[in-house]
Amino acid sequence: MTAKKLARGVAVAGVGMSKFGVFPDKSSRDLFVEAYQELRSTVEKGLPPKDIEAFYLGNFSADQFEKQGHLAPIVASWIGLSPVASARMEDACASGSVALRQGILAIASGQYDVVLVGGIGAAPFLPVQPLMGDTYQTQGLITVVIGGMGSYIGAFVGAMILGMARAFGDYFALKLSLSPAIAEASTVIIMVIVLLTRPQGLFGKKE
């Protein structure tokens, strides 16, 4: 298979980064401005905003964590880029990398000559609640019950069974247009069957 090449070369002209830390008085927008200002100082002869033709921002769940949607055009406006094309890339922990990929492709294709690419994520302060992580705790309990208390092999097998049950449950729920709750219910059903037929679990010891 012939290796594909970019239509033209692409280079990173400058970089910038905000400080890491706890900043309760700053938003993602504020942190990006810091990084952008440092970026401009690293580029020879500066980087006038008018030279930037497009902006790609990698960000994960700002609308959920900070209650702020449309982050890319807001940040673009804040650093003086409006009305250039601005797009937010969201792909969990790879959001910044996806934004960089889009920027590279935009230049390599000849659509733009200069683009700004950045990634930012601000983790919120979440209050401690009694039900925090209850979903994972429940799945862990089911795994131990199926495999057997005190058995490492049982924990592994229980996790495999639980994972397969969830995967098949999701598949058939989608295939048959059923509720996604079917996948969760399948793991509970398996646990109940194990408790009725072998209370100590598949690899647990009967006491």
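Look up a bit, the structure's there.
Fair warning: this is a prediction, and the values are worked out from it, not measured in the lab.

S.K.: A description of the pairing of strand β1 (residues 54-59) should follow, citing residues and the corresponding values.
M.R.: Residues in a regular strand project their side chains so that they alternate between the two faces of the sheet. Judged by how many residues are buried, β1 sits mostly within the fold: 6 of 6 residues are covered. The alternating pattern of β1 places Ala54, Tyr56 and Gly58 and Phe55, Leu57 and Asn59 on opposite faces, both of which are buried. Note that β1 and strand β2 (residues 85-89) share 5 bridges and pair parallel. In the sheet register, Leu57 faces β2, and the bridge partner there is Arg88. Bridge count for β1 against strand β3 (residues 115-120) is 6 bridges, and the pairing is parallel.

S.K.: Provide a residue-level description of the packing of aromatic side chains, including the pertinent values.
M.R.: Scanning the model with the defined rule gives 3 aromatic pairs in all. Among the aromatic residues, ring-to-ring pairing joins Phe168, Tyr171 and Phe172 into one connected group. Positioned over the ring face of Phe23 is Lys26, at 4.9 Å from the centre of the ring.

S.K.: I'd like a description of the sheet that holds β3, backed by residues and values.
M.R.: One open sheet holds the 3 strands; their spatial order is β2-β1-β3, and the pairing between them is parallel. Looking at strand neighbours, the two that pair on one side only are β2 and β3, the edges of this open sheet. In this sheet, adjacent strand axes meet at a mean angle of 15 degrees when their direction is disregarded. Taken strand by strand, helix α1 (residues 28-42) contacts β1 and β3, and its axis lies near 135 degrees from that of β3. Here helix α3 (residues 71-78) sits on the sheet in contact with β1, β2 and β3, set at roughly 125 degrees to β1.

So, how was this worked out
- Residues numbered from 1 in each chain as written.
- Predicted model: local features only at pLDDT ≥ 70, side-chain atom pairs only at ≥ 80, totals over all residues.
- Heavy atoms only, no water.
- Buried < 20%, exposed > 50% of the residue type's maximum accessible area, 1.4 Å probe, protein only.
- Helix = DSSP H or I, 4+ residues; strand = E, 2+ residues; numbered from the N terminus.
- Pairing = 2+ DSSP bridges.
- Phe/Tyr/Trp six-rings, centres within 6.5 Å; stacked < 30°, edge-to-face > 60°.
- Lys NZ or Arg CZ within 6 Å of the ring centre and 35° of its normal.
- Axes fitted to C-alpha atoms, helices over the stretch in contact; angles between N-to-C directions.
- Contact = heavy atoms within 4.5 Å.

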